[in-house]
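Residues per chain are reported as follows:
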Amino acid sequence: MNDPIICVQNLKRTYRVPVRRPGLAGAFTDLLRPEYRTVQAVHDVTFDIQRGESVAYLGPNGAGKSTTVRMLAGILKPSGGEVRVLGFHPHSQRQAYVRHIGVVFGHRTTLWFDLAVIESLRLLQRVYALPEAVFQERLALFDEVLDLGGLLATPARKLSLGQRVRADLAAALLHAPPVVFLDEPTIGLDVSVKARIRAFLRQINRDLGTTLLLTTHDLGDVEAISDRVMVIDAGQLIFDGTARELRGELGQGNRVTVVAPPGSLSALNAATLDLGVLWVDEGRGRYSAVYDGRLVRTPELVARTLAAVPAEDLELREARIEDVVRELYERGQHD
Ligand SMILES: Nc1ncnc2c1ncn2[C@@H]1O[C@H](COP(=O)(O)OP(=O)(O)O)[C@@H](O)[C@H]1O
Ligand SMILES: [Mg+2]
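Residues numbered from 1 in each chain as written. Chains lettered and ligands numbered in written order. Predicted model: local features only at pLDDT ≥ 70, side-chain atom pairs only at ≥ 80, totals over all residues. Heavy atoms only, no water.

In this section: the pattern of salt bridges. Counted under the stated rule, the structure contains 17 salt bridges. Note that arginine 157 and aspartate 114 form a salt bridge whose closest N and O atoms lie 2.6 Å from each other. Here aspartate 114 lies in the loop between β5 (101–105) and α4 (117–127) and arginine 157 lies in the loop between α5 (132–146) and α6 (161–173), a separation of 43 residues in the sequence. The exposure class of aspartate 114 is exposed, given its relative accessible area of 55%. (Salt bridge = Lys/Arg side-chain N within 4 Å of Asp/Glu carboxyl O. Helix = DSSP H or I, 4+ residues; strand = E, 2+ residues; numbered from the N terminus. Buried < 20%, exposed > 50% of the residue type's maximum accessible area, 1.4 Å probe, protein only.)

Laid out in structure tokens, this is it:
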């Protein structure tokens with residue numbers, strides 16, 4: 001019964017990218033004798049996902065998230081290792097495979113550009129041979145959470161980003177695939193659309209048992225949608241655990257940044273050392289520290305900071321994925 005629905009083993013993907021040489025002479029040389037270097041986008045990634053899991057694949061820009069998803073979706077051929085989803089080899093069995101999955105890219109639409117959304121959905125109904133009653137039932141379900149009503153008659157090219165992603169979700173899920181891959185589904189969306197999409201994904205995972213793998217660099221997505229989180233950086237997994245474990249390990253991951261005169265680092269560190277807060281010189285007069293909001297009271301930290309240096313500006317922020325990755329690496333080195 002514990003058969004994983006997604007198996008990824010020692011997965012690798014490299015890209016060959018042309019080297020650009022400087023200047024006009026360089027451009028000619030590039031044309032005549034092109035030179036390439038190899039980029040290791042996904043290094044050696046191994047994981048299993050069980051049926052019904054909702055997994056966030058988290059990492060900074062360029063970490064290898066999209067490359068992984070494109071291999072899982074069968075769009076891109078692995079350079080090494082193995083992928084199996086629902087028993088299929090996604091790339092070599094692509095034609096049969098794609099009927100069993102749903103794919104959503106936050107960056108581009110899979111809808112027909114000039115067709116009204118409803119016409120795209122109707123075409124998909126025919127592709128998947130869905131009975132009318134099933135089609136209507138699913139449309140009603142999607143409409144309830146995604147609020148599609150107002151945009152069904154609009155051509156895809158006229159939709160705003162938030163509308164387009166909502167329509168794309170409906171299109172990707174129309175055939176009720178057991179597995180759905182989403183690449184940055186919430187990128188660039190405003191808070192209310194984000195909330196709607198998070199609620200929708202949570203619901204299809206809970207109520208329909210749909211297995212989800214979504215990439216994001218938004219920690220908020222993790223909390224809202226996923227039980228499990230894998231963090232990838234530079235093509236390698238550096239964390240795989242529950243969202244709760246990630247939070248527990250990283251604390252609240254709050255961050256304070258202050259603008260102060262050059263050479264303020266030691267004064268800042270001296271002022272907050274006994275709180276366990278260490279500062280980093282970000283350059284150009286900016287200093288920042290990441291701290292655990294459960295252990296350090298923000299008002300006290302701010303008061304001490306302002307007493308220690310003549311600050312021009314002070315900014316408080318929740319954790320960024322870059323901080324999470326940095327902290328995970330630091331933990332790894334101390335273990
Ligand atoms: N088509 C491509 N050609 C060359 N390099 C690529 C291509 N796609 C991605 N890369 C490189 O591979 C690495 C991983 O990219 P990607 O998987 O898109 O990361 P992410 O989705 O986490 O931002 C990056 O260094 C990126 O520049
Ligand atoms: Mg990406």
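Structure shown, so let's carry the discussion forward.
Moving on, we come to the nonpolar core. Formed by 36 residues in total, the largest nonpolar core has its most connected members in Leu121, Phe142, Leu169, Leu182, Ile197, Phe200 and Leu201. Of all the elements in the fold, those that place two or more residues in this core are α4, α5, α6, β6 (179–183), α7 (191–208) and β7 (211–216). Counting residues per element, this core draws most heavily on α6, at seven residues. Contacts of leucine 121, omitting those with residues within four sequence positions, involve Phe135, Leu139, Leu152, Ala170, Ala171 and Leu174. (Core = buried A, V, L, I, M, F, W, Y, C linked by side-chain atoms within 4.5 Å. Contact = heavy atoms within 4.5 Å.)

Along its sequence, the protein chain is carved into domain 1 (50–82 + 89–248) and domain 2 (254–317). For domain 1 versus domain 2, the separation of C-alpha centres amounts to 39 Å. (Domains from an automatic or database assignment.)

Before going further, it helps to examine the packing of α4 against α5. To characterise two packed helices, one gives the angle between the axes of the helices and the distance between these axes. It is the contact of α4 with α5, at a shortest axis distance of 11 Å, that shows an interaxial angle of 135 degrees. In terms of their interaxial angle, α4 and α5 are classed as oblique. The handedness of the crossing between α4 and α5 is right-handed. Where α4 approaches α5, its residues Ile118, Leu121, Arg122 and Gln125 are matched on the opposing element by Glu132, Phe135, Gln136 and Leu139. When its residues are assigned to classes, the contact of α4 with α5 shows four nonpolar, two polar and two charged. (Axes fitted to C-alpha atoms, helices over the stretch in contact; angles between N-to-C directions. Parallel < 35°, antiparallel > 145°, perpendicular 65-115°, else oblique. Left-handed = near helix turned anticlockwise from the far one by under 90°. Nonpolar A, V, L, I, M, F, W, Y, C, P; charged D, E, K, R; others polar.)

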